[in-house]
Every structure is written in structure tokens, then in C-alpha cells.
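Inside the fold
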Amino acid sequence: MKRVYLLLAIAWVIVSLVSCAPQPTPAAPQTPAPQPTPAKPSVENIRIVVIGKSVHPYWSNVELGVKAAARDLGLRGDQVIFFVPPTEDVAKQIEVMETYIAQKVTGIAVAPSDPAALEPVMKKAAEAGIIVTTLDTPPVENSVSLVYIGTDNYAAGRIAGEVMKELLPEGGKVGIGRGSDTALNALQRTQGFLDAIAGTKIQALEPVNDKEDAARALELANSVLSAHPDLAGAFGVYAYNGPAWATAIKEAGKAGKIKVVCFDATTDVINFIKEGVIHATIAQREYDMGYKSVQMIYLIATKGKDAAFAEMGVKNGVIDTGVDVVTAKNLKEYEASLDARGIPHEWTTQGWEPPSQ
């Protein structure tokens, strides 16, 4: 009996010792280390470059928008750079981009004269951590450009075609002058115009390419007039094409007889509208293109892409700046709308009245 009590006592002591022994603490779940957030540049270190296509009043308006955005954002003049080659020059655009890639600027907005040719250097800039966007001319499909800021060129071309249909209800031959056979804005505007007039009695002639040379554009306009004395209309794809057609038509004594539809509201275009030589222009909002390009890069640099896109209203990688159809009938209203928005323009309608209908 004593032996049984002894065994029970020993068992109780063992159980007590085990229960009192310290138990191992379960390992705490591992939390992934936070990923470092890319450092945002301080405002004083931001440098933005906007590269246009050529020296022309259209690009001067873009530059005005660029400078206005810099001013409104509190950036110094040396922080926002605007560059255009004297004439359309793909090699020069590439060279300038290489220069600013080497300088490690914050962002580059470029209007690619040849989107396919510019894409490799745009990709190089993006790989170097530079924000890349495009304006005026859309990039290639699946481009590294984060956003395109400019006109829906196909839609604008269709609008031009619809206007021409109204001007030429009986049809006739129409010449087309443009500054590039590769730039998507030229191709899309032309296609939109052609699609709009399809099925009518309007016969579009083969487009002539002046390679963004205004003097050459005038020569080509004169050549088309000489080859087609029965020309009924003319379509100007780039900003200087309308004045080139208008000058040739006026010198030929056919002002008002040949209907001219063109792009942009530069001073020379507006003056020809006031004279009745150009009948309508599809006015792009190039000032906005310059302004929004700087604003976009600044916001991406300071707030991040998602916040910038939300604030700027980007849809499918595009900010459509829109167009206005300007004629002699609504020119005064168009000027008033620019003034109301604080957009500068060198022309004026003061002392001019539209012709009575």
C-alpha cells in the first residue's frame, strides 16, 4: 500500500513540474518590409521640356501656354524650356531629346513629327526615369508616352469634311495640302476629311506634302491651281496650309469662288477669314496643349500618375483639348470666348463687321 502511495506522489510531482515549465511563445507573423516610395523632386529641382515641330505662329501659341503654366505653377523661366526646330526636323527632335535625357530633366512633352522614329528615344527617356508625354500629334500604339494632350484629329478632320460638304453641295474637285505624310495628326485629319465627303460629288485630289515648309506650301498650291483650273475647294491640314491656299487663290483672282477650309486660328488665317478668302477654320486649342502639357508633368512629378490623371481628367490615356469651327459669321463670338478665358491672340475684330448674309 505504501508503494502505491509513493508512486502516486511521484506522478503528481512530475505533472506539476511539467505544467509549471515556461511554454515557448508562438512566433509573431512576419510583416513584409514596406517598399520604398520613389522620392518626389522638390519643386525647385523640377525641369520640364516641351518640344514642338517648327517655327510658326501655331507653335508660338503653344509656347504662350507653356509659359503661362510655368508662371501659374510658380516655376522659374529656366525650369520650363520650350524648343522648336526652324522647320520640321525629326533628327533635330531626337537630338534635342538626347540632350535633355543626359541632363536628367523631370519630364519631356514632345510633338513627334514622325511618331515611329521618335518612339525609341522616348523609350530611352522613360527608362531613364523621365516622365514622357505627347502633344499635338498622337504617338504610336502602345507608346511609352503616358498621355496624349491634343486634338482628336480624326474627328476634327471629319468636321472639316462636313463643313466642306455644306460649302460644296454640288461637289467639285478639292485640293489637299499638308505638311507630312507620316505624322499621325496629318494622316488622321486627312482620313477624317475623306471619310466625311465619301459618297458625295466632291472629288478629293491626291494630297500634296510640303514637309512643313510654308514657302513650299504656296508653290504646291499654285501648282494645283494651274493643273486644275476648275478647282472648287481646298483643304489645309496644317496651320500654314490655309493661308498658302488663300494666297494662291487670291492671286489667281478666285477669292470667294474656291471654298477654303483649313485648320487653326492664327493671325493670317483670321485675316483671310475677314477678307472672305478662307470660309472656315477648325481652330485647335493649341494654347491649352502647351499649358496642360506642363501642368500634367508637374502633377505627375509632385503627386504621382494616378492623382494627376484624376485631376486632369485623362480618359484612355488622352486629354482631348477640342476644336472650334470659326467662320466670318461667328468670329466675333469666338474672339469673345478667348478673351473670357484669358487666352491671348494677336488678331482683333475691332472695326470689322461680318458680311451681311
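Look a little higher up for the structure.
First things first, this report covers the structure right here in the doc. (Residues numbered from 1 in each chain as written. Predicted model: local features only at pLDDT ≥ 70, side-chain atom pairs only at ≥ 80, totals over all residues. Heavy atoms only, no water.)

Digging into the overall build of the protein
Of regular secondary structure, the protein possesses 12 helices and 13 strands. For the protein, the proportion of its 357 residues judged to be buried stands at 47%. Sequence-distant contacts, at least 24 apart, represent 72% of the contacts inside the protein between residues at least 6 apart. As presented, the protein carries roughly 17,600 Å² of accessible surface, and 56% of it is formed by carbon and sulfur atoms. (Helix = DSSP H or I, 4+ residues; strand = E, 2+ residues; numbered from the N terminus. Buried < 20%, exposed > 50% of the residue type's maximum accessible area, 1.4 Å probe, protein only. Contact = heavy atoms within 4.5 Å. Areas by Shrake-Rupley, 256 points an atom, 1.4 Å probe, with all protein chains shown as cover.)

Quick word on the packing of aromatic side chains
Two aromatic rings are characterised by how far apart their centres lie and by the angle between their planes. Scanning the model with the defined rule gives 5 aromatic pairs in all. With centroids separated by 4.1 Å and ring planes inclined at 10°, the aromatic side chains of Phe193 and Phe235 adopt a geometry described as stacked. Taken as a pair, Phe193 in helix 6 (residues 184-197) and Phe235 in strand 9 (residues 233-236) lie far apart in primary sequence, 42 residues in all. Taken individually, Phe193 and Phe235 each receive the classification buried, so the pair is uniform in this respect. Each ring, one from Tyr238 and one from Tyr240, has its centre 6.3 Å from the other, and the planes form 80°; the classification is edge-to-face. Residue Tyr238 is classed as buried on the basis of its relative accessible area, which comes to 5%. (Phe/Tyr/Trp six-rings, centres within 6.5 Å; stacked < 30°, edge-to-face > 60°.)

Observations regarding the packing of helix 5 (residues 153-167) against helix 6
At a minimum axis distance of 6 Å, the contact between helix 5 and helix 6 shows a crossing angle of 40°. Regarding the angle of helix 5 to helix 6, the classification is oblique. Between helix 5 and helix 6 the crossing geometry is right-handed. In this structure, helix 5 contributes Asn153, Tyr154, Gly157, Arg158, Ala160, Gly161, Glu162, Met164 and Lys165 to the contact, and helix 6 contributes Asn185, Gln188, Arg189, Gln191, Gly192, Phe193, Asp195, Ala196 and Ile197. Of the residues that constitute the contact of helix 5 with helix 6, the class distribution is 6 nonpolar, 7 polar and 5 charged. (Axes fitted to C-alpha atoms, helices over the stretch in contact; angles between N-to-C directions. Parallel < 35°, antiparallel > 145°, perpendicular 65-115°, else oblique. Left-handed = near helix turned anticlockwise from the far one by under 90°. Nonpolar A, V, L, I, M, F, W, Y, C, P; charged D, E, K, R; others polar.)

So, the side chain of Ser145
Note that Ser145 resides in the loop between strand 4 (131-135) and strand 5 (148-150). At 3.1 Å, the side chain of Ser145 and the backbone oxygen of Val147 are in polar contact. Filtering out sequence-adjacent residues up to four positions away, Ser145 remains in contact with Met122, Val132, Thr133, Thr134 and Pro139. (Polar contact = N/O pair within 3.5 Å; in protein donor to acceptor, adjacent residues only side chain to side chain.)

Examining the pairing of strand 2 (residues 80-83)
Summarising the sheet, strand 1 (residues 48-51) and strand 2 pair through 4 bridges and their orientation is parallel. Along strand 2, the bridge assignment pairs Ile48 with Val80. You can see the chain leave strand 1, run along helix 2 (residues 57-72) and come back into strand 2, and the turn it takes is right-handed. (Pairing = 2+ DSSP bridges. Right-handed = clockwise from strand over helix to strand, strands pointing away.)

Description of the sheet that holds strand 3 (residues 107-110)
Pairing is parallel across the open sheet formed by 6 strands, whose spatial order is 2-1-3-4-5-12. Only two strands of the sheet have a single partner each, and these edge strands are strand 2 and strand 12 (318-320). Going across the sheet, the axis of each strand differs from the next one's by a mean of 15°, ignoring polarity. Judged from the 4 bridges that link them, strand 1 and strand 3 form a sheet pairing that is parallel. Bridge pairing links Ile48 to Gly107 in strand 3.

What to know about unusual backbone geometry
Located in the positive-phi region is Lys104, a residue other than glycine, with phi close to 55°. Position of Lys104 among the secondary structure elements: in the loop between helix 3 (90-102) and strand 3. In this structure, Glu212 is a non-glycine residue whose phi angle is positive, near 60°.

Concerning the pairing of strand 4
Where burial is concerned, most of strand 4 is hidden: 5 out of the 5 residues are buried. Of the two faces of strand 4, the one carrying Ile131, Thr133 and Leu135 and the one carrying Val132 and Thr134 are both buried. Bridging between strand 3 and strand 4 involves 4 bridges; their strand directions are parallel. Across the sheet, Val110 pairs through a bridge with Thr134, a residue of strand 4. Note on the crossover from strand 3 through helix 4 (residues 115-127) to strand 4: the handedness is right-handed. By the bridge criterion, 2 bridges tie strand 4 to strand 5 in an arrangement that is parallel. Within strand 5, the residue paired with Leu135 across the bridge is Ile149.

With respect to the pattern of salt bridges
The full count for this structure, using the stated rule, is 14 salt bridges. A salt bridge links Lys92 to Glu95, with the nearest nitrogen and oxygen atoms 3.3 Å apart. Taken as a pair, Lys92 and Glu95 lie in helix 3 at a separation of 3 residues, close to a single helical turn. With a relative accessible area of 28%, Lys92 lands in the partly exposed category. Taking relative accessible area as the criterion, Glu95 reaches 45% and is therefore assigned partly exposed. For Lys124, the salt bridge goes to Glu98, with nearest N and O atoms at 2.8 Å. Separated by 26 residues along the polypeptide, Lys124 in helix 4 and Glu98 in helix 3 bring together distant segments of the chain. (Salt bridge = Lys/Arg side-chain N within 4 Å of Asp/Glu carboxyl O.)

Overview of the environment of Asp213
Tracing the backbone through its elements, the reader meets Asp213 in the loop between strand 8 (208-209) and helix 7 (214-227). We classify Asp213 as partly exposed; its relative accessible area is 34%. In this structure, the C-alpha to C-alpha distance between Asp213 and Glu88, residues 125 residues apart in sequence, is 7.8 Å. A distance of 3.0 Å separates a polar side-chain atom of Asp213 from the backbone nitrogen of Ala215.

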